[in-house]
Amino acid sequence: MDRLIAFFSRFSLNMGFSDPRAVVEDRMLRIFTFSVGILMIPMITANTILGFPWELNLILIPWLVYNSFVYFRSLKNKIGYYERIYYFLPTFLFLTPVWFINGGVLGSMTPFMFLILICGTLTFRVGHQKYFLMIILAYCVLMMGLEYVYPNLSTDYYIIENKWADKWLGVLSVMGLASVLIAIYRNAYDKDREALIKSKLDHFEAKKIAEDASTAKSNFLAHMSHELRTPLNAITGVADLLSKGDLDDEQKELVTHISNGSEELLNIIADILDLSKVEASKLELKTGVCDTKKLFDTLGSFAQLKINTAEKPLDVTMFVEESVPPYLVLDELRVKQIVLNLLTNAIKYSDEGLISMRAELQFNEYSNQHKLIISVEDQGIGMNESVLQKIQEPFFQIDNSSEVQTSGVGLGLTICKGLLELMKGTLNVSSKEGVGSKFNVMLPVELYSGSAENTGTDDSAVSNVISKNARILIVEDNKINQVIMKKLLASLDISPEVVDDGKQAVQKLQTQNFDIVFMDIHMPVMDGLEATRQIRQIENKGTYPYIIALTANALKESEQECIDAGMDSYLSKPVTLDKLREKIEEANKLVI
């Protein structure tokens, strides 16, 4: 039995019946034409031996040649829907005289017609099978109608000598052919099923490998971000403290260079993390009510600050159309990130002239959506067609051989494109070398129908006074970061206490009360997450410190992990004096 199965496997593969490159319908056509061609040989031989009219063989021989031609053609070419119809039309023409010569309905062609009906249908796609069935049934009705109206057209089958031998031979031939077709088809089906299962397993394995690689990449980037942000915290902290001191002009310039370099490195780290999230489709949007006036005022202030820092003779204008309402529902953080990237590039690649930003709201009747359109236009160096096709690729930068001095790693537009795709928006670019560039951002937004009181944009409740009596505990294992945090808080007239790990923090809070705890995450002995959980368990003594995560992890997952552990807020390194003041003011509203 195994040898027979192996034989059928080799035979079906060699004859093209199990060709994985061909669709099922093409393979069925090969099986059908090959089998019919083979069947013609014993039929022609039997007709000769049994003494049937010679005209019968005169028709069957060309039909044999025709089936062979279609079979060999199907091995080399894909057979379309109309070509299959063209195949069966001559088949019906061959069958018509054979039907009548062979005795009509009572002859041996009747079982063969059933075989054509069943097997022929399988050679068409599901959507086309009904049409073939209609054609062949109409053909059979036509043939029987002609035989009924014109009985002399068909040979009287009862006067044919050896008619029973012919009928039995026809039935046995059809049964044999059907058995062969079923065996070959079943073998081809099993092969396809095995190939499909293997393909799914390979796909599953490849997907798992890709997911593992993505996880490893994310872990690596998170680790590198943590390791880079830790020394950056010391650099930016020292620069921040020095900038508040009494410095001469040269010293101020040097401190400014340190701050700018640190900020640039921090932006590169953030861009790489964002790109990783976009590529892994792990970046989450956070939509909410946005104060559009405040948003565009912030963007305008940023552009002016960038121009002042770059010391370029540039002017910036901003125009917000009346169509833009006071409040919109969108992801303010990501919209700001996209437009800031565009403004930064406009300033970077412009030495003089005007940088303009325009915003308007349009309603698309076709999609039934409101779309916010923000355009940033500059009069800078511009781009040619070859550059336009590449600017949204990762790490692409305009040739620095130009007089324009650039910085960064070329990820800004790639991240913008990824964010806009996530928000179902678009980014269109038009540019002319030597004239300037224009970037158009279009993203769907929702109108806000509530009142201004419910937007949560009123900051009047935030205290601008830092309580000097605030009891603050710093939980940090890095000695340099301990010094930086103490000096930053000292500049706010606050004297904190410091411990080296989470276990010491828990012990400290068992005997003393603190208003605010700045908790590092990665520490020896006990990490910040476990320390926070234990601190929350001893709060029945009446103390409820406001715990702020102080960590070099900048991933959204890390922030959520801290909140889940029981922390109240999150501050990623490097820490500046302004960020520290903001977090303490936030805590003041609740605990002081």
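Here's a quick rundown of the structure. Sequence positions are assigned chain by chain, starting from 1 and proceeding in written order. Only residues with pLDDT of at least 70 are given local features in this predicted model, and only at 80 or more are side-chain atom pairs given and counted; all residues enter the totals for whole chains, interfaces and linings. Note: side-chain values were computed over all heavy atoms of the structure, leaving out hydrogens and water.

This next bit is on the overall build of the protein. From N to C terminus, the protein includes 17 helices and 12 strands. Counting all 592 residues of the protein, 43% fall into the buried class. Taking contacts inside the protein between residues at least 6 apart in sequence as the whole, the part at least 24 apart equals 71%. Per-residue accessibility takes into account occlusion by the displayed protein chains alone, with areas from the Shrake-Rupley method and a 1.4 Å probe. When the accessible surface of the protein is split by element, carbon and sulfur atoms take 58% of a total near 32500 Å². Labels follow the DSSP assignment, with helices taken as runs of H or I lasting at least four residues and strands as runs of E lasting at least two, numbered in each case from the N terminus. Think of it in three bands: residues with accessible area under 20% of the maximum for their type are buried, residues over 50% are exposed, and the middle band is partly exposed, with areas taken using a 1.4 Å probe on protein chains only. Pairs of residues are marked as contacts when any of their non-hydrogen atoms sit within 4.5 Å.

Patch membership requires over 30% relative accessible area and the absence of a salt bridge. Like charges are linked within 9 Å, and nonpolar side chains (Val, Leu, Ile, Met, Phe, Trp, Tyr) within 5 Å. Every case where a carboxyl oxygen of Asp or Glu lies within 4 Å of a side-chain nitrogen of Lys or Arg is listed as a salt bridge. All tallies of charge rest on Lys and Arg as positive and Asp and Glu as negative; His and the ends of each chain are not included. In this description, the location of a charge corresponds to atom NZ of lysine, CZ of arginine, CG of aspartate or CD of glutamate. On the surface, Asp246, Asp248, Asp249, Glu250, Glu253 and Glu311 cluster together into a negatively charged patch. Tracing the backbone shows Glu253 in helix α8 (residues 249–279).

What follows concerns a nonpolar patch on the surface. On the surface, Tyr148, Val149, Tyr150 and Leu153 cluster together into a nonpolar patch covering about 510 Å² of accessible area. Following the sequence through the fold, Leu153 ends up in the loop between α6 (126–149) and α7 (163–243).

This paragraph deals with unusual backbone geometry. In most cases, non-glycine residues show a negative phi, while peptide bonds are predominantly trans. Across the junction of Lys573 and Pro574, the peptide omega takes the value 5°, indicating a cis bond. Here Pro574 is to be found in the loop between β12 (569–572) and α17 (577–591). Of note in this structure, Asp493 is not a glycine but carries a positive phi near 65°. Assignment of secondary structure puts Asp493 in the loop between α13 (479–490) and β9 (497–499). For Asp493, a relative accessible area of 47% gives the class partly exposed. At Val525, a residue that is not glycine, the phi angle is positive and equals roughly 70°. On the basis of relative accessible area, Val525 is assigned to the exposed category, the value being 67%.

A word on the pattern of salt bridges. For the coordinates displayed, the defined rule picks out 13 salt bridges. The closest approach of N and O atoms between Lys293 and Asp297, which form a salt bridge, is 2.9 Å. Of the two residues, Lys293 and Asp297 are both situated in helix α9 (residues 292–310); the distance of four residues between them amounts to about one turn of the helix. The shortest N-O distance in the salt bridge between Lys573 and Asp520 comes to 3.7 Å. Here Asp520 lies in the loop between β10 (516–519) and α15 (528–537) and Lys573 lies in the loop between β12 and α17, a separation of 53 residues in the sequence. With a relative accessible area of 2%, Lys573 lands in the buried category. Salt bridges here are not isolated pairs; linked through shared partners, they connect Glu476, Asp520 and Lys573.

As a further point, take the pairing of β12. Where burial is concerned, the two faces of β12 agree: the one with Ser569 and Leu571 and the one with Tyr570 and Ser572 are both buried. Being paired, for any two strands, means DSSP has found at least two bridges between them. Relative to β12, strand β11 (residues 546–551) runs parallel, the two being bridged by four bridges. Looking across to β12, one finds that Leu550 is bridged to Leu571.

The strands that make up a sheet are held in pairs by hydrogen bonds between backbone atoms, and each pair lies either parallel or antiparallel. Reading across from one edge, β9-β8-β10-β11-β12 is the order of the five strands in this open sheet, with parallel pairing throughout. The open sheet has two edge strands, β9 and β12, and neither has a second partner. Ignoring which end each strand starts from, the neighbouring axes of this sheet average 20° apart. Axis definition: a line fitted to C-alpha atoms, limited for helices to the stretch in contact. Angles are taken between N-to-C directions and run from 0 to 180 degrees.

The next subject is the packing of helix α14 (residues 502–511) against α15. Between α14 and α15, the shortest axis-to-axis distance is 9 Å and the interhelical angle comes to 15°. In terms of their interaxial angle, α14 and α15 are classed as roughly parallel. Remark: the crossing between α14 and α15 carries right-handed chirality. Between α14 and α15, the contacting residues are Gly502, Val506 and Leu509 on the first element and Ala531, Gln534 and Ile535 on the second. As a working rule, the residues Ala, Val, Leu, Ile, Met, Phe, Trp, Tyr, Cys and Pro are called nonpolar, Asp, Glu, Lys and Arg charged, and the rest polar, with Gly in that last group. Each residue belonging to the contact of α14 with α15 can be placed in one class, and the counts come to four nonpolar, two polar and no charged. Roughly parallel covers angles under 35 degrees, roughly antiparallel covers those over 145, roughly perpendicular covers 65 to 115, and oblique covers all other angles. Each crossing is labelled by how the near helix is turned from the far one, with a counterclockwise turn of less than a right angle marking it left-handed and a clockwise turn marking it right-handed.

What follows covers the side chain of Thr292. When you line up the elements, Thr292 lands in helix α9. Thr292 has contacts with Val324, Pro325, Pro326, Tyr327 and Leu328, leaving out every residue within four places of it along the chain.

Next up on the list: the pairing of strand β5 (residues 369–377). Here strand β4 (residues 353–364) pairs with β5 via nine bridges, running antiparallel. Counterpart to Ala359 in the pairing with β5 is Ile374. The hairpin turn running from β4 into β5, its antiparallel successor, is four residues long, and Asn368 in that turn takes a positive phi close to 55°. The pairing of β5 with strand β7 (residues 436–447) spans eight bridges and is classified as antiparallel. Among the inter-strand pairings, Ile374 is bridged to a residue of β7, identified as Val441.

To continue, consider α15. All of the buried residues along α15 are Gly528, Leu529, Ala531, Thr532, Ile535 and Arg536. The buried residues of α15 all sit within an arc of 160° when viewed along its axis, so they share a single face. Starting at the helix axis, one direction is taken to each C-beta atom, and the arc is that of these directions.

Here the focus is the nonpolar core. Residues belong to a common nonpolar core when they are buried Ala, Val, Leu, Ile, Met, Phe, Trp, Tyr or Cys residues joined through side-chain atoms within 4.5 Å. Judged by nonpolar contacts, the single largest core of 38 residues is most densely connected at Leu372 and Ile374. Counting residues per element, the ones that place at least two in this core are α9, β3 (327–330), α10 (332–348), β4, β5, α11 (385–388), α12 (412–422) and β7. For this core, the leading source of residues is α10, giving seven residues. Beyond its immediate chain neighbours, meaning those up to four positions away, Leu372 contacts Val324, Leu328, Leu330, Glu360, Leu361, Val441, Met442, Leu443 and Val445. Counting 25 residues, the second largest nonpolar core, distinct from the first, contains Phe32, Ile59, Phe132 and Met143.

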